[in-house]
Structure formats: C-alpha cells, structure tokens
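The lines below spell out each chain.
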Amino acid sequence: QVQLVESGGGLVQAGGSLRLSCAASGRTFSNYGMGWFRQAPGKEREFVAAISWSGGNTYYADSVKGRFTISRVNAENTVYLQMNNLKPEDTAVYYCAAARNFRPVGPSSGLYDYWGQGTQVTVSS
C-alpha cells in the first residue's frame, strides 16, 4: 500500500508556471511507475504525463508536450510536474497515480493502482 499526497497547486495567470509535487509513503517508491492525470469540471479524467519506475521513460499528452515536464527523485519519494506556459484550458484538479511492482505506465488510468486526492490548478486568462 502507498499513499500519495499532491501539493503545489494554486491560481496563476496564463503564461505562468507551477510545479506540482507528489509525495509517496513507503520504502518501495522506486518500484512504482508514476503518472499525472487531471479532471476539469464537467469532463472526464485525462492523462497528462507519466514516468517509468527507473525514470528512463517519460510520456506526455499531446496537449502538454513541450510545456510540462515530469520528473522523479526516488531518494525523496517524490514525483514532480513542472508546468510552464500555462493556459486557461489547463485548469483542473491534478491527480498523482502510482503503478506498483515495476509495471509499465502510460495514458490508461487502469494501469495505476493508487491515487492521490488531487490538487487544484486554476489558470486565469
């Protein structure tokens, strides 16, 4: 079992930046592939980015490619999402997710075993 706690959300103007953090409990963080998803009001949850357990592979939704960067520091049990050049359409609750036991990660939410509670990101125009 792992618990995930997101932080770093807030209100930012269009063109601004935010860095989200997801802190994981437990001693096996390095075994988990990690992902970020988001859900805007009235919309389904959508994939944003993912990183393999080793950090060697990253994946991005087309809508954020070139603007967002996912990274992880296994020694800190933390995964980050650096978000630059934010747009109003990035407004959503952002969720961190973990896939256990070295499983592959990607855009399908079914790949992940654990989810955080989410952090709100609001981008004003």
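Our structure's up above, just so we're on the same page.
(A) Here's a closer look at the sheet that holds strand E3 (residues 18-24). Read from one edge to the other, the open sheet built from 4 strands follows the order E1-E3-E8-E7, with strand pairing classed as antiparallel. Of all strands in the sheet, those bounded by a partner on one side alone are strand E1 (4-7) and strand E7 (68-73). Within the sheet, the average angular offset between the axes of one strand and its neighbour, ignoring direction, is 15 degrees.

(B) Layout of unusual backbone geometry. Although it is not a glycine, Asn 101 adopts a positive phi angle of roughly 55 degrees. Its location among the elements puts Asn 101 in the loop between strand E9 (92-99) and strand E10 (114-115). By relative accessible area, Asn 101 is classed as exposed at 55%. Here Phe 102, not a glycine, exhibits a phi torsion of approximately 60 degrees, which is positive.

(C) Molecular detail of the pattern of salt bridges. Taken as a whole and assessed by the stated rule, the structure comprises 6 salt bridges. Among the ionic pairs, Glu 46 bridges to Arg 38, the shortest N-O distance being 2.6 Å. Overall, the relative accessible area of 5% leaves Arg 38 in the buried class. A salt bridge links Asp 90 to Arg 38; the nearest nitrogen and oxygen atoms lie 2.9 Å apart. Highlighted residues: Asp 90 in the loop between strand E8 (78-83) and E9 and Arg 38 in strand E4 (residues 33-39), separated in sequence by 52 residues. Accessibility expressed as a relative area gives 0% for Asp 90, which makes it buried. Members of the salt-bridge network, linked through shared partners, are Arg 38, Glu 46, Arg 67 and Asp 90.

Rules and cut-offs
- Residues numbered from 1 in each chain as written.
- Predicted model: local features only at pLDDT ≥ 70, side-chain atom pairs only at ≥ 80, totals over all residues.
- Heavy atoms only, no water.
- Pairing = 2+ DSSP bridges.
- Helix = DSSP H or I, 4+ residues; strand = E, 2+ residues; numbered from the N terminus.
- Axes fitted to C-alpha atoms, helices over the stretch in contact; angles between N-to-C directions.
- Buried < 20%, exposed > 50% of the residue type's maximum accessible area, 1.4 Å probe, protein only.
- Salt bridge = Lys/Arg side-chain N within 4 Å of Asp/Glu carboxyl O.

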